[in-house]
Amino acid sequence: MNKKQLRQQIKQRLLHMTKEERKKKETIIHDILFQQHLWQTAQVIGITISRQIEIDTKCIIERAWQEGKKVAIPKCDVTTKQMTFREIRSFQETGRSFFDLYEPIVEETREVQKDEIELLFVPGLAFVRKGYRLGYGGGYYDRYLVDFPNDTISLAYDCQIVSTLPVEQHDIPVQMIITNEGIVVCENE
Ligand SMILES: Nc1nc2c(c(=O)[nH]1)N(C=O)[C@@H](CNc1ccc(C(=O)N[C@@H](CCC(=O)O)C(=O)O)cc1)CN2
Ligand SMILES: Nc1ncnc2c1ncn2[C@@H]1O[C@H](COP(=O)(O)OP(=O)(O)OP(=O)(O)O)[C@@H](O)[C@H]1O
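Under an unreviewed UniProt entry, the name given to the protein chain is 5-formyltetrahydrofolate cyclo-ligase, and the source organism is Anoxybacillus flavithermus. Under the Sequence similarities (unreviewed entry) heading, UniProt states for the protein chain: "Belongs to the 5-formyltetrahydrofolate cyclo-ligase family." Under the heading Cofactor (unreviewed entry), UniProt records this for the protein chain: "Mg(2+)".

Student: Looking at this model, I keep getting lost on the pairing of strand β11 (residues 176-179). Mind explaining?
Tutor: Alternating residues of β11 divide into Met176 and Ile178 and Ile177 and Thr179, and every residue in both groups is buried. Sheet analysis places strand β10 (residues 151-156) next to β11, joined by four bridges and oriented parallel. Bridge assignment links Ala156 to a residue of β11, and that residue is Thr179. Inspection of the sheet shows β11 paired to strand β12 (residues 182-185) by four bridges, in the antiparallel sense.

Student: Explain the nonpolar core here, please?
Tutor: Soluble globular proteins: nonpolar side chains tend toward being buried together. Trp39, Ile45 and Phe121 are the most contacted members of the largest nonpolar core, which totals 36 residues. Within the residue set of this core, elements represented by two or more residues are α1 (3-15), α2 (19-35), α4 (58-66), β2 (70-77), β7 (119-121), β10 and β11. In terms of residue count, α2 provides more of this core than any other element does, four residues in total. For Phe121, the residues in contact, after removing those within four places along its chain, are Leu33, Trp39, Ile45, Gly46, Ile47, Ile60, Tyr141, Ile153 and Leu155.

Student: Looking at this model, I keep getting lost on the packing of α2 against α4. Mind explaining?
Tutor: Any two packed helices are characterised by the angle at which their axes cross and by the distance between the axes. Two elements in contact, α2 and α4, have axes separated by 11 Å at closest approach and are oriented at 30°. Relative to α4, the element α2 lies roughly parallel. Pair α2 / α4 crosses with right-handed handedness. The residues of α4 that touch α2, namely those facing His30, Leu33 and Phe34, are Cys59, Ile60 and Arg63. Of the residues contributing to the contact of α2 with α4, the split by class is four nonpolar, one polar and one charged.

What counts, and where the lines are drawn
Residues numbered from 1 in each chain as written. Chains lettered and ligands numbered in written order. Predicted model: local features only at pLDDT ≥ 70, side-chain atom pairs only at ≥ 80, totals over all residues. Heavy atoms only, no water. UniProt positions renumbered as here; feature names shortened; annotations may be inferred. Buried < 20%, exposed > 50% of the residue type's maximum accessible area, 1.4 Å probe, protein only. Helix = DSSP H or I, 4+ residues; strand = E, 2+ residues; numbered from the N terminus. Pairing = 2+ DSSP bridges. Core = buried A, V, L, I, M, F, W, Y, C linked by side-chain atoms within 4.5 Å. Contact = heavy atoms within 4.5 Å. Axes fitted to C-alpha atoms, helices over the stretch in contact; angles between N-to-C directions. Parallel < 35°, antiparallel > 145°, perpendicular 65-115°, else oblique. Left-handed = near helix turned anticlockwise from the far one by under 90°. Nonpolar A, V, L, I, M, F, W, Y, C, P; charged D, E, K, R; others polar.

In structure tokens:
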């Protein structure tokens, strides 16, 4: 199966989950996350604002603010396919952008440098247990991760874990995946 077909297949799986199933699994994933030392000690997190089929990140962002953490979200440059992260202090500092994404409002936010982000949440559609992932096809995270120096984590429903993925030269694995079935520590060789 090629990447495009695989994306379609996983999207279908996600769309077929019932509201109850989704909520139940989401709660488990959030609970596991908040128990992690990695979470508890991170002072600055990098995270996206979730869309329909993605695991809810708004409550993660709110929890981060409650715990005094700083929250940075990406702003994509569609021509260079690069991202920069900017700190948001409330959802009012975000605006709807391309592709139905919410991005930081540049005039109201400051840029957060890569090395300031202590824990980066990496979105994806499908994952293998070694940490390799299939994204939405922009290549934004693959580029961003090239010289990212700190911890990376992904959140996924069990149905997003697959046994194989077409791995390419530029793919960089995440260090940890949290699913509703537990934690996967990805061993990088
Ligand atoms: N909530 C959320 N925000 C996010 C991401 C995400 O996965 N989730 N991203 C995670 O990376 C970045 C945006 N990712 C994007 C990925 C693809 C395309 C895009 O234009 N896709 C084309 C197909 C491109 C291709 O196949 O070459 C399209 O669907 O038409 C845009 C943004 C940053 N923000
Ligand atoms: N480090 C990189 N440098 C240059 N081009 C890259 C890099 N990483 C990915 N690309 C290019 O970006 C495009 C999308 O890559 P890919 O299909 O792996 O995206 P993805 O993993 O689904 O997306 P994302 O990383 O945003 O989640 C491809 O054309 C790929 O060649």
